[in-house]
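Understanding the architecture of this molecule
So the chains spell out like this:
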Amino acid sequence: MRCRAILLKAIGFTSKKVGEQTEMTHISVNSWVKRFEAEGIHGLETRPGRVRKPIMDCTDEKKVRRAIENDRQSMKKAKEAWQQASGKEASDSTFRAFLSALARDIDV
C-alpha cells in the first residue's frame, strides 16, 4: 500500500484520493511521501521494533504447561494460575491462542 500511495501521488492524485484508494488518511499518505523522498525505496520498509511485543512468549511455556496440568478442566483457573506465577496478565483470547499454538507445536 505504501508503494501504491507513492505511485498514485507521483501521477498527480491528491492525498485524499490516494488515501481513499489505499485506506490511509491523507496525513499518512503525506508522511510516506516525505519518507520516500528522504530515504528512497528503503524508507518504505517497516523498521525493526515497530510492532507490539507479545504478551506471552516461549519463556511462558513451562508456566502455562504447569498451570494446565494442575487444572485440566478449567482454562480460566489455569489462566489465573499462570498469571499469578508469571506476574503477567492476558485476555482469555490471548491465553487460548497461546494454548492453540502450543498444541500445534506438539502435533508437529
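Residues numbered from 1 in each chain as written. Predicted model: local features only at pLDDT ≥ 70, side-chain atom pairs only at ≥ 80, totals over all residues. Heavy atoms only, no water.

**Quick word on the overall build of the protein**
Looking only at helices and strands, one finds six helices and zero strands in the protein. The order of helices and strands in the protein, counted from the N terminus, is α-α-α-α-α-α. Against the compact-globule benchmark of 13 Å for 108 residues, the protein has a radius of gyration of 22 Å, which places it well outside the compact range. Its C-alpha atoms give the protein principal-axis dimensions of about 65 × 30 × 25 Å. By residue count, 26% of the 108 residues in the protein fall in the buried class. Here the analysis covers contacts within the protein between residues at least 6 apart in sequence; of these, 39% occur between residues at least 24 apart. Within the structure as shown, the protein displays about 8,100 Å² of accessible surface, and the carbon and sulfur contribution to it stands at 52%. Taken together, the 22 basic and 15 acidic charged side chains of the protein have centroids lying 5 Å from each other. (Helix = DSSP H or I, 4+ residues; strand = E, 2+ residues; numbered from the N terminus. Rg over C-alpha atoms; globule rule 2.2 N^0.38 Å. Buried < 20%, exposed > 50% of the residue type's maximum accessible area, 1.4 Å probe, protein only. Contact = heavy atoms within 4.5 Å. Areas by Shrake-Rupley, 256 points an atom, 1.4 Å probe, with all protein chains shown as cover. Lys, Arg positive; Asp, Glu negative; His and termini not counted. Charge placed at Lys NZ, Arg CZ, Asp CG, Glu CD.)

**Things to note about the packing of aromatic side chains**
Two numbers describe a pair of aromatic rings. These are the distance of the centres and the angle of the planes. The full count for this structure, using the stated rule, is one aromatic pair. Summarising the aromatic geometry, the rings of Trp82 and Phe95 are spaced 5.9 Å apart at their centres and angled 45 degrees between planes, so their arrangement reads as tilted. Here Phe95 lies in helix H6 (residues 92-107) and Trp82 lies in helix H5 (residues 75-86), a separation of 13 residues in the sequence. Residue classification places Phe95 among the buried residues on the basis of a relative accessible area of 0%. (Phe/Tyr/Trp six-rings, centres within 6.5 Å; stacked < 30°, edge-to-face > 60°.)

**So, the side chain of Lys79**
By the secondary structure assignment, Lys79 is in helix H5. For Lys79, a relative accessible area of 12% corresponds to the buried category. Excluding its chain neighbours within four sequence positions, the residues that come into contact with Lys79 are Ala90, Ser91, Asp92 and Phe95.

**Here's the deal with the side chain of Ser74**
Along the chain, the position of Ser74 falls in the loop between helix H4 (61-70) and H5. A polar contact is formed between the side chain of Ser74 and the backbone nitrogen of Lys77, at a distance of 3.1 Å. (Polar contact = N/O pair within 3.5 Å; in protein donor to acceptor, adjacent residues only side chain to side chain.)

**Description of the packing of helix H1 (residues 2-10) against helix H2 (residues 15-22)**
Two elements in contact, H1 and H2, have axes whose closest approach is 10 Å; the angle formed by their N-to-C orientations is 145 degrees. Helix-helix and strand crossings are classified by hand; for H1 and H2 the assignment is right-handed. Of the residues in H2, those in contact with Arg4, Ala5, Leu8 and Lys9 of H1 are Ser15, Val18, Gln21 and Thr22. Considering only residue class, the contact of H1 with H2 consists of three nonpolar, three polar and two charged. (Axes fitted to C-alpha atoms, helices over the stretch in contact; angles between N-to-C directions. Left-handed = near helix turned anticlockwise from the far one by under 90°. Nonpolar A, V, L, I, M, F, W, Y, C, P; charged D, E, K, R; others polar.)

Note that all results are geometric; they support no functional claim without further evidence.
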